[in-house]
Amino acid sequence: MTRYDHIMRLVLLLGLVIAGLVLTSVVSALLMLFSGFSITEVLDMAQTGSMDLTPGLTRALLASQHFLFFIIPALAFGLIIYRSKLLSGLDLNTNPGITLGVLGIVFLIAAYPLVNLSFIVNEAIPLPEWAKSFENQAEDTLKAILAMDTPIIFLINLVVIGILPGIGEELIFRGILQKQIGLMLKNPVVGIWIAAFIFSAIHLQFEGFLPRFVLGAVLGYLYYWTGNLWVPIIAHAFNNGVQVLMIYVTDIDISTIDQQSSDQLKWWMVPISLVVMYFIYTLIKKNQKPIEQT
C-alpha cells in the first residue's frame, strides 16, 4: 500500500469520528430532553459548557459518548476497510491468553512511577484561568458519578469508566490511528507517540496531559510489541477500573489521587521502574506477533 492509501484511511477515520461527534450531540440532547430538561436549558448548557446533571444521566451520556464517538466509528472503519476481515484487520482475532494479558497489566503498573513523574512536571506548568475552570468542571462531574452507594452503581461505573473507554479508545487511537500513522510514515515508533499525543489532547484535561500522554505511549508500545489489540484494551480497562475500585473501597477523594501518588514518588522508584519494564518487555517479546502491514 502507498502512503496515499494510509492518508485516505486517516481522512476516512476523521470523517467517521466527526459523524460520531454529531450523533453523540444529538443523542445527548435527546437524553436530556427525555430527562426533563427544556430545549432552552439544553441549548444553554451546550453554549456555556456547564452541566448540572444527575449522576445517572451523566453516566448515560458518557456511555453513549463511548459508543457513538469511539466504538461505532472504529467498527465502521473496520467494516469499510477490512470488510469480512474486520477482526484480523483490527488485530482482535487472536486471544492474547492469560500470560500476555497479565504481562500487559504488570508492564503498565511498572510504568506508574514514570506516569507520576510526568504528573509532577505537568503540575509545574502554569495554566490559564479558563483551563483551570475547565478542569474544575470535569473534576466535579467525576466526583458526582463516582459517589457509589451500592454495588450496582459500582458495577455500572466499572463498565462506563473502565471497560467502554478501554475498548473504544484503544480501537481508535491504537488499533487505527497509531497503526495507520506508523504505516504511512514507515516508522511505527513515531506512530506510537503521535497517537499518544492526540489521545491525551482529545481528553481536554490540561492538568493530566503529560501523564495521559505517557500512559498512551505505554499502551501504544504494548500494541506494537504484541500485535494484539486486546493487550492494551485489557491494560487500559484495568488502569481505569482499579481506580474506580479504589474509590469504591476506600471512599478516597478523587482530586487527591494523582497528588498522593506524586507525593509518594521517590527518586529511586524511576530507575527501578525502568528495569522492571525492561524485564517485562523481554517476557512480552517471547510472545510477540508482528503487526501485519495492512
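To be clear, the structure that these remarks concern was listed above.
Described below are features of the structure shown in this document.

Rules of the game
The numbers attached to residues start from 1 for each chain and follow its sequence in the written order. Residues qualify for local features only when their pLDDT is at least 70, as the model is predicted, and side-chain atom pairs are given and counted only at 80 or more; totals for whole chains, interfaces and linings, by contrast, use all residues. Side-chain measures were taken over the full set of non-hydrogen atoms in the model, leaving aside hydrogen atoms and water. Strands are runs of DSSP state E lasting at least two residues, helices are runs of H or I lasting at least four, and both sets are numbered from the N terminus onward. Computation of the radius of gyration draws on C-alpha atoms alone. For the globule rule, the value is 2.2 Å times the number of residues to the power 0.38. Relative accessible area decides the class of each residue, using a 1.4 Å probe on protein chains only: under 20% of the type maximum gives buried, over 50% gives exposed, and in between gives partly exposed. Pairs of residues are marked as contacts when any of their non-hydrogen atoms sit within 4.5 Å. Per-residue and other accessible areas were derived by the Shrake-Rupley procedure at a 1.4 Å probe size, with only the shown protein chains allowed to occlude residues. Note on charges: Lys and Arg go in the positive column, Asp and Glu in the negative column, and His and the chain ends are not counted at all. Working definition for charges: the position is that of NZ of Lys, CZ of Arg, CG of Asp or CD of Glu. The length a helix should cover is 1.5 Å for every residue beyond the first. Throughout, bend refers to the angle between the axes fitted to the seven residues that end at a position and the seven residues that start at it. Patch membership is restricted to residues that have no salt bridge and whose relative accessible area is over 30%. Joining uses 9 Å for like charges and 5 Å for the nonpolar side chains Val, Leu, Ile, Met, Phe, Trp and Tyr. Any Lys or Arg side-chain nitrogen located within 4 Å of an Asp or Glu carboxyl oxygen qualifies as a salt bridge. Comment: axis = line fitted to C-alpha atoms, over the contacting stretch for helices; angle = value between 0 and 180 degrees taken between N-to-C directions. In what follows, roughly perpendicular refers to angles from 65 to 115 degrees, roughly parallel to angles under 35, roughly antiparallel to angles over 145, and oblique to any angle outside these ranges. Here is the rule for handedness: rotate from the far helix to the near one, and if that takes an anticlockwise turn smaller than a right angle the crossing is left-handed, while a clockwise turn gives right-handed. When residue character is reported, Ala, Val, Leu, Ile, Met, Phe, Trp, Tyr, Cys and Pro are called nonpolar, Asp, Glu, Lys and Arg charged, and the others, Gly included, polar. Throughout this description, the term nonpolar core refers to a set of buried Ala, Val, Leu, Ile, Met, Phe, Trp, Tyr and Cys residues connected via side-chain atoms within 4.5 Å.

**Description of the overall build of the protein chain**
Right, so step 1: Counting its regular elements, the protein chain contains 13 helices and zero strands.
Right, so step 2: N-terminal to C-terminal, the α/β element order of the protein chain is α-α-α-α-α-α-α-α-α-α-α-α-α.
Right, so step 3: What you see for the protein chain is a C-alpha radius of gyration of 19 Å, in line with the 19 Å of a compact globule of 294 residues.
Right, so step 4: Taken along the three principal axes of its C-alpha coordinates, the protein chain extends 55 × 50 × 40 Å.
Right, so step 5: Within the span of the protein chain, comprising 294 residues, buried residues form 44% of the whole.
Right, so step 6: At a minimum sequence separation of 6, the contacts of the protein chain that also span at least 24 residues come to 79%.
Right, so step 7: Working note: accessible area of the protein chain is about 15,100 Å², and carbon and sulfur atoms make up 70% of it.
Right, so step 8: Taking the 15 positively charged and 19 negatively charged side chains of the protein chain as two groups, their mean positions are separated by 19 Å.

**A short note on helix H8 (residues 151-185)**
Residues spaced three or four apart along an α-helix point in a common direction, a consequence of the helix completing one turn every 3.6 residues.
Right, so step 1: Look at H8: 47 Å from first C-alpha to last across 35 residues, which is about the 51 Å you get at 1.5 Å a residue.
Right, so step 2: The largest bend along H8 measures about 40 degrees and falls at Glu170.
Right, so step 3: Counting buried positions over the 35 residues of H8 gives 25, a clear majority of the element.
Right, so step 4: Directly beyond the C-terminal end of H8, a positive phi value near 55 degrees is found at Lys186.

**So, a nonpolar patch on the surface**
Right, so step 1: Taken together, the side chains of Leu14, Ile18, Val22, Val26, Leu30, Leu33, Phe34, Ile39 and Leu43 present a nonpolar region at the surface, about 890 Å² in accessible area.
Right, so step 2: Among the elements of the structure, helix H1 (3-34) and helix H2 (39-48) are those that each provide at least two residues to the nonpolar patch.
Right, so step 3: In terms of residue count, the dominant contributor to the nonpolar patch is H1 (seven residues).

**Quick look at the packing of helix H3 (residues 55-82) against H8**
Packed helices, taken two at a time, are described by the angle between their axes plus the distance between the axes.
Right, so step 1: Following both chains from N to C, one finds H3 and H8 inclined at 30 degrees, their axes separated by 9 Å at the closest point. Between H3 and H8, the angle falls in the class roughly parallel. Classified by chirality, the crossing of H8 by H3 is left-handed.
Right, so step 2: In the contact of H3 with H8, the residues fall into 18 nonpolar, four polar and three charged.

**Considering the nonpolar core**
Right, so step 1: One finds Phe107, Val218, Leu222, Met277 and Ile284 to be the most contacted residues of the largest nonpolar core, which totals 25 residues.
Right, so step 2: Breaking this core down by element, the ones donating at least two residues are helix H5 (97-110), helix H6 (112-123), helix H9 (188-201), helix H10 (209-226), helix H11 (230-250) and helix H13 (269-285).
Right, so step 3: Apart from residues lying up to four places away in sequence, Ile284 is in contact with Leu100, Leu103, Phe107, Leu222, Trp225 and Thr226.
Right, so step 4: Ranked by size, the runner-up nonpolar core spans 24 residues in total, among them Ile172, Leu177, Met184 and Tyr223.

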